[in-house]
Amino acid sequence: MAARCVMCFGRSVSTVVLNRTCVTMTIMKNIGTHSTRTYHTSHEVLYTLCTGRYQWLKNQVHSVRYLSMEGKSSPLAGDQINADLSVSSSSDCDHTSNELRKQNGVIDERTGMADSIIKRQTILESLDKKKDLHKGEFADLDEQLLESIEPYITPELPPSPVLAAYVDKSETLSNLVKLGVDLSQIDKKGSFKTVLIRLDFDKDIKEKISFLHSVGVEDDKLGKFLTKNPFILTEDVQNLEARVHYLKAKKFKDDGIAQIINRAPFFLNFSIKRLDNKLGFFQRELSLTGEETRQLITRTPKLVTGSLDTVKRSIFSLKEQMRFSAKECKALVLSQPRVLQTGRYKLLRTFDYLHNTVGITHAQFVQFSQVFRSSLPRIKERHQYLVKLERAQYDPTKPGYVSLEALSKQPDEVFCKDVAKTSIVEYNNFLKTL
């Protein structure tokens, strides 16, 4: 009514004897010493083997054999292990063997789970490394745009030499340097440098440079443009022309298109479908007319190339948390589009202080929306100074009115002279007391 589980760990041997009531594990080292531990159920020893020790077992266990024996000795891993195990009946032996097969299935299942966990952890670590690469200049790009250029920015192992080492040998690199391209910045864009060095200047690049000239990228800005977005050199010229034709079909003017491309170098990397979806999003969410949409995108084209997550959170904060009406939100964004690129926590902190502490109304925010882009610490310092002087008067219908522009944007000298009516020395002495 017993069976034996034998495991070989290098030069030491572990023997596990299982029966219906008890499991005994004996570990014999090569020097002859041994220790024995008794487990009350076979489940306990199996759980011990599977839980928390899988990686160790995976690296060290060479074989696991389950044997039903009747008083015989069996050679294992070059050592002789003698055992005399009395079996009461063949049916008991068969029953024990079935139980062992079931328990072996449990081990296989747990082993598979451990393999799956290790594989998943490896994938997550790889993704974390890629996320680190996207920090910095790639952090504010649209997620789908990142996916499209992912093959070019995935780091190589080992890293290739810097591009500057090939300038004398490569006509392509030499001409790009003459155009003002900063190769040291392209070195930071992952493996794209290996793509760039294989391009032929006459066949692959010259036509795209001519296209960029035709849409308004000036000579003195071309090097900076290609340094920021060298990926455009891998685009098909016909696709680039089609995207410009789409903007013209949407009644964007030529000078507006040139302004868009210069301010947002990645704009032409977007397909027509994605451009249309993004323009539709802004028109729908802010209830804009066609002309207002063109005005918004021409002024701040990075709203299109950036991630929509920040935009969505900012719109939600303006409408739901700060309680601006749809009309007020629209007016605020049109007067200061970069509000949508400001983190919602900064928006909320600025609004909370000015609205609940200073007493600024929603209408005043709409009138001077640039306040959301101003320094909140400076606003607090000036407000406290005005309170001390008893000049903190923000009602436009009363004498001594202090505008948001004077409170947040004017230089200290102008603020002290025109608003506080004191000298800059007195103001600086006050700041030292805070």
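Residues numbered from 1 in each chain as written. Predicted model: local features only at pLDDT ≥ 70, side-chain atom pairs only at ≥ 80, totals over all residues. Heavy atoms only, no water.

**Here we look at the packing of helix H12 (residues 272-285) against helix H13 (residues 290-299)**
Across the interface, H12 lies against H13 with an axial gap of 10 Å and an inter-helix angle of 115°. The two elements H12 and H13 meet at a crossing, and its hand is right-handed. Along the contact surface, H12 presents Leu279, Phe282 and Gln283, while H13 presents Gly290, Thr293, Leu296 and Ile297. Taken together, the residues of the contact of H12 with H13 break down into four nonpolar, three polar and no charged. (Axes fitted to C-alpha atoms, helices over the stretch in contact; angles between N-to-C directions. Helix = DSSP H or I, 4+ residues; strand = E, 2+ residues; numbered from the N terminus. Left-handed = near helix turned anticlockwise from the far one by under 90°. Contact = heavy atoms within 4.5 Å. Nonpolar A, V, L, I, M, F, W, Y, C, P; charged D, E, K, R; others polar.)

**Remarks on the environment of Gln185**
When you line up the elements, Gln185 lands in helix H6 (residues 183-186). On the basis of relative accessibility, which here comes to 28%, the residue Gln185 falls in the partly exposed class. Along the chain, Gln185 and Thr227 lie 42 residues apart, while their C-alpha atoms are 6.7 Å from each other. (Buried < 20%, exposed > 50% of the residue type's maximum accessible area, 1.4 Å probe, protein only.)

**Points about helix H16 (residues 326-335)**
Helical periodicity: at 3.6 residues per turn, an α-helix aligns residues three or four positions apart in one direction. When H16 is considered as a whole, its buried residues turn out to be Cys329, Lys330, Leu332, Val333 and Leu334. On its buried side, H16 packs onto H13, helix H15 (308-321) and helix H18 (362-367).

**Let's talk about the packing of aromatic side chains**
Each aromatic ring pair is described using two quantities: the centre-to-centre distance and the angle formed by the ring planes. A complete count under the given rule lists ten aromatic pairs for this structure. Seen in terms of ring centroids, Tyr385 and Phe430 are 5.0 Å apart; in terms of plane orientation they differ by 45°. Their pairing is tilted. One end of the pair, Tyr385, is in helix H19 (residues 376-389); the other, Phe430, is in helix H22 (residues 424-431), and 45 residues separate them in sequence. According to the relative accessible area criterion, Phe430 is buried, its value standing at 8%. Grouped by ring-pair contacts, the aromatic residues Phe324, Phe351, Phe365 and Phe372 constitute a single cluster. The ring of Tyr345 has Arg344 lying over it, and the distance from NZ or CZ to the ring centre is 4.6 Å. When the ring centre of Tyr353 is taken as reference, the NZ or CZ atom of Lys380 above it lies at 5.3 Å. (Phe/Tyr/Trp six-rings, centres within 6.5 Å; stacked < 30°, edge-to-face > 60°. Lys NZ or Arg CZ within 6 Å of the ring centre and 35° of its normal.)

**Comments concerning the side chain of Ser307**
Locating Ser307 in the fold gives a position in the loop between helix H14 (302-305) and H15. Since its relative accessible area comes to 18%, Ser307 is described here as buried. A distance of 3.2 Å separates a polar side-chain atom of Ser307 from the backbone nitrogen of Asp309. (Polar contact = N/O pair within 3.5 Å; in protein donor to acceptor, adjacent residues only side chain to side chain.)

**What about unusual backbone geometry?**
Phi is positive for Ser287, close to 55°, though the residue is something other than glycine. Along the chain, Ser287 falls in the loop between H12 and H13. A positive phi angle is found at Lys421, which is not glycine, with a value near 60°. Tracing the sequence through the fold places Lys421 in the loop between helix H21 (412-420) and H22.

**A short note on the nonpolar core**
Residues Leu196, Leu226, Phe282, Phe324, Leu354 and Phe372 are the most contacted members of the largest nonpolar core, which totals 83 residues. For Phe372, the contacting residues outside a window of four places in its chain are Met322, Phe324, Leu332, Val339, Thr342, Lys346, Leu347, Thr350, Phe351 and Phe365. (Core = buried A, V, L, I, M, F, W, Y, C linked by side-chain atoms within 4.5 Å.)

**Some words on the pattern of salt bridges**
With the rule as written, the count across this model stands at eight salt bridges. For Glu291, the salt bridge identified is with Arg294, shortest N-O distance 3.1 Å. Taken together, the positions of Glu291 and Arg294, both in helix H13 and three residues apart, correspond to about one turn of that helix. Looking at Arg294, the relative accessible area reads 18%, which means it is buried. (Salt bridge = Lys/Arg side-chain N within 4 Å of Asp/Glu carboxyl O.)

**Some remarks on the confidence of the model for the protein chain**
Residues of the protein chain with pLDDT of at least 70 account for 63%, and the chain-wide mean is 77. Considering only residues more than four positions removed or in separate chains, one finds that residues 154-159, a stretch of pLDDT under 50, has seven contacts. (pLDDT = per-residue confidence, 0-100.)

**Here we look at the environment of Lys346**
Along the chain, the position of Lys346 falls in helix H17 (residues 344-358). Residues Lys346 and Arg373, spaced 27 residues apart in sequence, show a C-alpha to C-alpha distance of 8.7 Å. When sequence neighbours within four positions are dropped, the list of residues in contact with Lys346 reads Phe372, Arg373 and Ser374. Here Ser374 takes part through its backbone oxygen, which lies 3.0 Å from a polar atom of the side chain of Lys346.

**A few points about H12**
For H12, which comprises 14 residues, the first-to-last C-alpha distance of 20 Å matches the rise-based estimate of 20 Å (1.5 Å per residue) to within 8%. Within H12, the full set of buried residues consists of Arg274, Leu275, Lys278, Leu279, Phe281 and Phe282. Each buried residue of H12 sits inside an arc of 150° when the element is viewed along its axis, so together they form one side. The outward face of H12, more than 90 degrees from its buried face, is lined by the exposed residues Lys273 and Arg284. Of the residues one or two after H12, Ser287 is the one with positive phi, at around 55°. (Expected span 1.5 Å × (residues − 1). Arc of directions from axis to C-beta.)

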